[in-house]
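Breakdown of the fold
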Amino acid sequence: MDSNSNKNTWLLITVASLGYFVDIYDLIIFSIVRVRSFQDIGVPEELMRVKGEFVLNMQMGGLLLGGLIWGVIADKYGRIKVLFGSILLYSLANIYNGFVHDVTTYGIVRFIAGIGLAGELGAGITLVSESMHRSKRGYGTMLVAGVGVLGAILAYFVSEWFDWRTAYFVGGGMGILLLMMRVGTFESGLFAQAVESKHVQKGSLKLLLSNPDRIKRYLYCLGIGLPIWFVVGVLVTQAPEIGVALGAPTTLSAGKGVMFTYLGISVGDFMAGLLSQWLRSRKKVVFLCQVLILISSLWYLNSQGIDESKFMFLAFFMGIGVGYWATFVTIAAEQFGTNLRATVATTAPNFVRGALIPSTLLYGYFVGLWGIIPAAIVTLLLLTGIAIFALTQLEESFDKDLNYYEE
């Protein structure tokens, strides 16, 4: 690889990493400022949870819809266009979010922001994967996710230092600044070849769903990611309730727990990326992460009388376990040809995020039967079991030549 090509690749990795950094900041900022923002716009205390679920579900709906939209666009018209369009949309939405004064508008804007946020990671991972040598691409995707998830740490501190409206302005402003950095980024060479192949069907959901083998591959890709958002969205986010069930002497802070979890996810993403290169296997790394999830989560759920310091440590430990997020998206991208790769890599992470909804419904059903702790343990075992089974059904994709099409 010549020096100019090497420079372009590093520019691409930098832009994708910072894009995901802003993406994560904007993705979780509502969860962090929800209570203060609702108090400011006059939401009664007894409606906080219900209205919060409404706004969060609107954002989730935007993510699910956006995953489909941006995935198809990326395979039909290019990965760079998705990076540009998604960053612009969620940046403008977050700036507008700083001006809302009622819950309905709040929800609509978070829906639009969700559509924008859906495109960043999949397009970035696909672009980096297709632009680097196949034996080295794990390092690139590792950097994208490892740097990106640190956006959650910044979101926590900005929300501590400034009011909630300013926190949204900061998120939108960072996105606009990032767009100014995009000069010089280049399109994937594999996508450029696909454009020249006029007979190749690109970005077609019908093509993805028309073949049983492709459907199974896609479902198995989703399966390996299921435990990630259950750990973050339930075990950490519901720390106050879980703490009560464990007899914690003080209320466990979900906000601090999320911060330490994302710090662990960043470390985990770097570790997973490095291990996959050293072991020359992505499947072995995801399996090790499942084992780590089980050890750390079961430790947490059996910690009677847990205090805040132990909770922070275990939140960080659980974060390392679920820190195979980039590896999961990379595996999904590597399982499919160039004409469907971005569609899969963009929809898969958003569908896995959306899978938190049925996971929490199942968890809620189990809570009614057995109580919080047994329900969490059973749901965790079920999801990690699905992930491990799905992993055994996928081919090893490390060092796989990505220059092929789905027919």
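Procedures and definitions
Residues numbered from 1 in each chain as written. Predicted model: local features only at pLDDT ≥ 70, side-chain atom pairs only at ≥ 80, totals over all residues. Heavy atoms only, no water. Patch = residues over 30% accessible without salt bridge, like charges linked within 9 Å, V, L, I, M, F, W, Y side chains within 5 Å. Areas by Shrake-Rupley, 256 points an atom, 1.4 Å probe, with all protein chains shown as cover. Salt bridge = Lys/Arg side-chain N within 4 Å of Asp/Glu carboxyl O. Helix = DSSP H or I, 4+ residues; strand = E, 2+ residues; numbered from the N terminus. Buried < 20%, exposed > 50% of the residue type's maximum accessible area, 1.4 Å probe, protein only. Lys, Arg positive; Asp, Glu negative; His and termini not counted. Polar contact = N/O pair within 3.5 Å; in protein donor to acceptor, adjacent residues only side chain to side chain. Contact = heavy atoms within 4.5 Å. Axes fitted to C-alpha atoms, helices over the stretch in contact; angles between N-to-C directions. Left-handed = near helix turned anticlockwise from the far one by under 90°. Nonpolar A, V, L, I, M, F, W, Y, C, P; charged D, E, K, R; others polar. Core = buried A, V, L, I, M, F, W, Y, C linked by side-chain atoms within 4.5 Å. pLDDT = per-residue confidence, 0-100. Parallel < 35°, antiparallel > 145°, perpendicular 65-115°, else oblique. Phe/Tyr/Trp six-rings, centres within 6.5 Å; stacked < 30°, edge-to-face > 60°. Lys NZ or Arg CZ within 6 Å of the ring centre and 35° of its normal. Expected span 1.5 Å × (residues − 1).

Moving on to a nonpolar patch on the surface. On the surface, Trp278, Leu279, Phe287, Leu288, Val291 and Ile295 cluster together into a nonpolar patch covering about 580 Å² of accessible area. Looking at the nonpolar patch, the elements that each hand over two or more residues are helix H14 (254-279) and helix H15 (282-301). The element best represented in the nonpolar patch is H15, accounting for four residues. Exposure remark for Leu279: the relative accessible area of 36% places this residue in the partly exposed category.

Take Arg110: it is sitting in helix H4 (residues 103-117). Buried within the structure, Arg110 lacks any salt-bridge partner; Asp26 is the closest side chain of opposite charge, at an N-O distance of 6.3 Å. There is a polar contact of 2.9 Å between the side chain of Arg110 and the side chain of Asn94. Residues in contact with Arg110, not counting those within four places in the same chain, are Asp26, Ile29, Phe30, Val55, Met58, Gln59, Asn94, Asn97, Leu117 and Tyr168.

Now for the packing of H14 against helix H16 (residues 308-321). Between H14 and H16, whose axes approach to 6 Å, the crossing angle comes to 35°. Where H14 crosses over H16, the handedness of that crossing is right-handed. For the pair formed by H14 and H16, the contact residues are Lys256, Gly257, Phe260, Thr261, Leu263, Gly264, Ile265, Val267, Gly268 and Met271 on the first element and Glu308, Phe311, Met312, Ala315, Phe316, Gly319 and Ile320 on the second. Its residues assigned to classes, the contact of H14 with H16 comprises 10 nonpolar, five polar and two charged.

Phi at Arg280 is positive, roughly 55°, even though this residue is not glycine. Within the secondary structure layout, Arg280 lies in the loop between H14 and H15.

In this structure, Gly148 sits in helix H6 (residues 137-148). Accessibility expressed as a relative area gives 0% for Gly148, which makes it buried. Separated by 126 residues in sequence, Gly148 and Val22 have C-alpha atoms that sit 7.3 Å apart. Aside from chain neighbours lying at most four places away, what touches Gly148 is Ser17, Tyr20, Phe21, Ile24 and Leu143.

As a further point, take the pattern of salt bridges. For the coordinates displayed, the defined rule picks out four salt bridges. Here Glu308 and Lys256 are joined by a salt bridge, their closest N and O atoms 3.9 Å apart. With Glu308 in helix H16 and Lys256 in helix H14, the pair connects residues that are 52 residues apart, well separated along the chain. Arg282 is the salt-bridge partner of Glu334, the closest N and O atoms lying 2.8 Å from each other. Taken together, the residues Glu334 in helix H17 (residues 325-334) and Arg282 in helix H15 connect sequence positions 52 residues apart.

This part covers the environment of Leu127. Positionally, Leu127 belongs in helix H5 (residues 120-131). Put simply, Leu127 and Ala342 are 215 residues apart on the chain and 8.5 Å apart in space, counted from C-alpha to C-alpha.

By size, the foremost hydrophobic cluster in this structure holds 120 residues, and its most contacted members are Tyr106, Trp229, Leu235, Tyr262 and Tyr300. Apart from residues lying up to four places away in sequence, Trp229 is in contact with Leu27, Val234, Tyr262, Trp325, Val352, Arg353 and Leu356.

For the protein, the mean per-residue pLDDT works out to 82, and 88% of the residues sit at or above 70. Of all the helices and strands in the protein, helix H9 (residues 189-196) carries the lowest mean pLDDT, 47, while H15 carries the highest, 96. A low-confidence stretch, residues 186-195 (pLDDT under 50), is modelled with 33 contacts involving residues beyond four sequence positions or located in other chains.

This paragraph deals with the packing of helix H18 (residues 341-354) against helix H19 (residues 356-370). Between H18 and H19, the shortest axis-to-axis distance is 5 Å and the interhelical angle comes to 20°. Relative to H19, the element H18 is oriented roughly parallel. Each of Val352, Arg353 and Gly354 in H18 lies in contact with H19, whose residues at this interface are Leu356, Ile357 and Pro358. Across the contact of H18 with H19, the residue classes break down as four nonpolar, one polar and one charged.

The full count for this structure, using the stated rule, is 20 aromatic pairs. Aromatic side chains Tyr156 and Phe157 sit 5.4 Å apart centroid to centroid with 75° between the ring planes, which places their arrangement in the edge-to-face category. When its relative accessible area of 13% is taken as the criterion, Tyr156 is described as buried. Members of the aromatic cluster, joined through ring pairs, are Phe30, Phe38, Tyr106, Trp164 and Tyr168. Just above the ring of Phe336 sits the side chain of Arg217; from NZ or CZ to the centre is 4.6 Å.

Its 15 residues place the ends of H4 20 Å apart at the C-alpha level, agreeing with the 21 Å of an ideal helix rising 1.5 Å per residue. Looking only at H4, the buried set comprises Val103, Tyr106, Gly107, Val109, Arg110, Ala113, Gly114, Ile115, Gly116 and Leu117. For H4, the N-terminal capping position is held by Asp102, with its side-chain oxygen 3.2 Å away from the main-chain nitrogen of Thr104.

With 14 residues, H16 extends 20 Å between its outermost C-alpha atoms, agreeing within 8% with the 20 Å of an ideal straight helix rising 1.5 Å per residue. Listing the buried residues of H16 in full gives Phe311, Met312, Leu314, Ala315, Phe317, Met318, Gly319, Ile320 and Gly321. Summarising the contacts, the buried residues of H16 are in contact with helix H12 (226-236), helix H13 (239-245), H14 and H15.

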